[in-house]
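Observations on the three-dimensional arrangement
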Amino acid sequence: MRQELVELQFAIAYYQSLERLSPEEWNLPLALNKWTVLECVSHLYLWDRFYYDHAISKLPDEPLTLVETDFDQFNRLAVEYAHHIDPLALLKKAISVRRDIVDQLDRLSDEQFEATYENFRPQEFVESFVAHDAHHQDQIDGALASLKQK
């Protein structure tokens, strides 16, 4: 497996580590006036689901169905989604779709992984999402650490 995919797959173990969170921890804001841990995981899950459904699952031979997306609106919907799902059910979905992403990308040859499909490049997607994951994981870890210090 490519190193980039190993890094992308790290989210699975991270999600599994969140299975032990209490309701108080799930509802903890990442910072003042920021998302809660649950809302942040919902955000991560729904972006994974979006890119899997509209791009990654179609590689390398099907036409992509990516459409221009209003990020703010999408993120508001992710927050709303978080309020209608059990945290453990959300984690199960997040783990499943991330596995699907990694598995599908791992099937690509090096040439396919580095190619551009319409406006989508798998390699750039992975680099971007590894950084995106790290950013939000740091926020979650920081919020949980601050709760433990109280």
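Note that the structure is a prediction, hence the values are computed from the model and not measured.

Another point: the side chain of N75. Mapped onto the elements, N75 comes out in helix α4 (residues 71–82). Reaching out from N75, the side chain makes a polar contact with the side chain of H43 at a distance of 2.8 Å. Residues contacting N75, with those up to four places away along its chain left out, are W35, H43 and W47.

It is the contact of helix α1 (residues 3–17) with helix α7 (residues 122–149), at a shortest axis distance of 9 Å, that shows an interaxial angle of 35°. In this structure, α1 crosses over α7, and the sense of that crossing is left-handed. Seen from α1, the contacting residues are E4, L5, E7, L8, F10, A11 and Y14; seen from α7, they are Q123, F125, V126, F129, V130, D133, Q137, I140 and D141. Along the lines of polarity and charge, the residues of the contact of α1 with α7 split into 10 nonpolar, 2 polar and 4 charged.

Moving on, we come to the layout of surface pockets. Computed from the structure, the largest pocket encloses a volume of approximately 200 Å³. Taken together, W47, F50, Y51, L64, L66, V67, E68, T69, F71, E118, N119 and F120 make up the lining of the largest pocket. Residue contributions to the lining of the largest pocket peak at 3 residues, all from helix α3 (residues 37–54). Among the residues making up the lining of the largest pocket, the classes are represented as 8 nonpolar, 2 polar and 2 charged.

Following the UniProt record, the feature "domain: DinB-like" (unreviewed entry) maps to residues 16–140 here. Across residues 16–140, the secondary structure splits into 64% helix and 0% strand, with the terminal C-alpha atoms separated by 14 Å.

Moving on, we come to the pattern of salt bridges. A pair can form between side chains of opposite charge whenever their charged atoms are brought close. A full pass over the atoms with the stated rule returns 5 salt bridges. What emerges from the salt-bridge pattern is a single network uniting D48, R98 and D133.

Conventions and cut-offs
- Residues numbered from 1 in each chain as written.
- Predicted model: local features only at pLDDT ≥ 70, side-chain atom pairs only at ≥ 80, totals over all residues.
- Heavy atoms only, no water.
- Helix = DSSP H or I, 4+ residues; strand = E, 2+ residues; numbered from the N terminus.
- Polar contact = N/O pair within 3.5 Å; in protein donor to acceptor, adjacent residues only side chain to side chain.
- Contact = heavy atoms within 4.5 Å.
- Axes fitted to C-alpha atoms, helices over the stretch in contact; angles between N-to-C directions.
- Left-handed = near helix turned anticlockwise from the far one by under 90°.
- Nonpolar A, V, L, I, M, F, W, Y, C, P; charged D, E, K, R; others polar.
- 1 Å grid on protein atoms, 1.4 Å probe; cavity = no way out; pocket = protein on both sides within 12 Å on 5 of 7 lines; lining within 4 Å.
- Points joined across faces, edges and corners; volume = space filled by probe spheres on them.
- UniProt positions renumbered as here; feature names shortened; annotations may be inferred.
- Salt bridge = Lys/Arg side-chain N within 4 Å of Asp/Glu carboxyl O.

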